[in-house]
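What the coordinates show
What follows is the residue order along each chain.
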Amino acid sequence: MSLRVLYFARLRERFGIADETLDFNGVTAADLIAQLQARDGVWAEELAAGRAFRVAVNQEIVALDAAIPDQAEVAIFPPVTGG
Amino acid sequence: MNAGSIKPGSTKPGAMKVVVQSEAFDLGAEVAAISHTRTDIGAIASFVGLARDSNDGSGVQAMTLEHYPGMTEKALAALVDEACARWTLLDVTVIHRVGRLLPGDPIVLVAVASSHRGEAFAACEFIMDALKTRAPFWKKEETPAGERWVDARASDNTAAARWDAP
C-alpha cells in the first residue's frame, strides 16, 4: 500500500527530506520504522531502538503497535517542545 | 450578540478559540473578547509563555518554532475538549505562535473562563501541561555556539502525567 510520510524538526533536517510517498507492505507503525531503519546511515541511527521519536497516523500520535491504514498520512518527529 | 441576550445563570460555552499564528497577540484583548458579550463568567485564568534569553546554560538570541499544520490545530482542539469534559468551563482561548521569535516575545496564551476560579486555574494549568507534551511544536534556538533543537524535558512529562486519571 501507499503512504505519505512527513518528517519534522530535527528529523527532517537529519534525513534531508520533509515528506515522501512510500510503498509499505507491513502492518504496524513498528513495521514502517523497521523499513526506514533498513535504509541505513542516518535513518538507522535516528530510528534505532531507544531513540526518542513519535509517530502520528492521520494526525494522531499512536503507539508503535498501531496498524497503519492504506493511504494514511504518517508523521515521524522528535518529542514535542512547544509552549 | 450582546450580554442582554444571555439569560443569567446560563452556562452556554463560548467559541473555544484555537489559533496558530505568526503574529503577536494581546492578552488584554483576548481576555476582553471572552467576557465582553456575557455576564455569567466569574473567573478568567490566563497563562502567557515568553521566549527566554537563556536555556540550558547558554544565551539564546532567538528561536524558531516549527509545527505540523493540520495536526497542531486538531491536537490543541482535543486538549480544549478534554478540559471542557473535565471541568465546567464557559470559554477557552489558546493561541500559539510559530516562526522566529526574540527573547521577551510572547509564544503561547491560554485563557480559561469559568464561573469560579478553581476550575479556571486547574483547566488553564492542565491545558498548558498537556500542550507541552502533545501539541506538535518544536523549538530551534540560536545561541552563540550556533543553532540547536531544544530537547524535550522529562519534567514536562511529569507535569502532564499528574493529570492522568488515578
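Quick caveat: nothing in here was measured; it's all calculated off a predicted structure. (Residues numbered from 1 in each chain as written. Chains lettered and ligands numbered in written order. Predicted model: local features only at pLDDT ≥ 70, side-chain atom pairs only at ≥ 80, totals over all residues.)

Looking now at the overall build of chain A. Of regular secondary structure, chain A possesses three helices and five strands. Along chain A, from the amino end to the carboxyl end, the secondary structure elements read β-α-β-α-α-β-β-β. The C-alpha radius of gyration computed for chain A amounts to 12 Å, which stays within 12% of the reference 12 Å derived for 83 residues, consistent with globular compactness. Reported as C-alpha extents along the three principal axes, the dimensions of chain A are approximately 30 × 30 × 20 Å. Taking the intrachain contacts of chain A between residues at least 6 apart in sequence as the baseline, contacts between residues at least 24 apart amount to 52%. (Helix = DSSP H or I, 4+ residues; strand = E, 2+ residues; numbered from the N terminus. Rg over C-alpha atoms; globule rule 2.2 N^0.38 Å. Contact = placed C-beta atoms within 7 Å.)

Attention shifts here to the nonpolar core. Core analysis: the biggest nonpolar cluster contains 53 residues, and Phe8(A), Val74(A), Ala75(A), Val112(B) and Ile127(B) have the highest contact counts within it. When sequence neighbours within four positions are dropped, the list of residues in contact with Phe8(A) reads Ala75(A), Phe77(A), Glu66(B), Tyr68(B), Pro136(B) and Trp138(B). (Core = buried A, V, L, I, M, F, W, Y, C linked by C-beta atoms within 7 Å. Buried ≥ 20, exposed ≤ 12 C-beta atoms within 10 Å, placed from the backbone.)

This brings us to the confidence of the model for chain B. It should be kept in mind that the predicted coordinates are not to be read in detail where pLDDT is low. This prediction gives chain B a mean pLDDT of 92; 92% of its residues lie at or above 70. Taken as a whole, residues 1-7 of chain B scores under 50 in pLDDT and shows eight contacts with residues more than four places along the chain or in a different chain. (pLDDT = per-residue confidence, 0-100.)

Residues and elements named next belong to chain B. Sheet architecture is open: four strands sit in the order 7-5-9-10, paired in antiparallel fashion. The open sheet is flanked by strand 7 (99-101) and strand 10 (146-149), the only strands paired with a single partner. Strand after strand, the sheet turns through a mean of 25° between neighbouring axes, direction not considered. When strand 5 (residues 62-67) meets strand 7, the two strands line up antiparallel, connected through three bridges. Note that in strand 7 the partner of Thr64 across the bridge is Arg100. (Pairing = 2+ DSSP bridges. Axes fitted to C-alpha atoms, helices over the stretch in contact; angles between N-to-C directions.)

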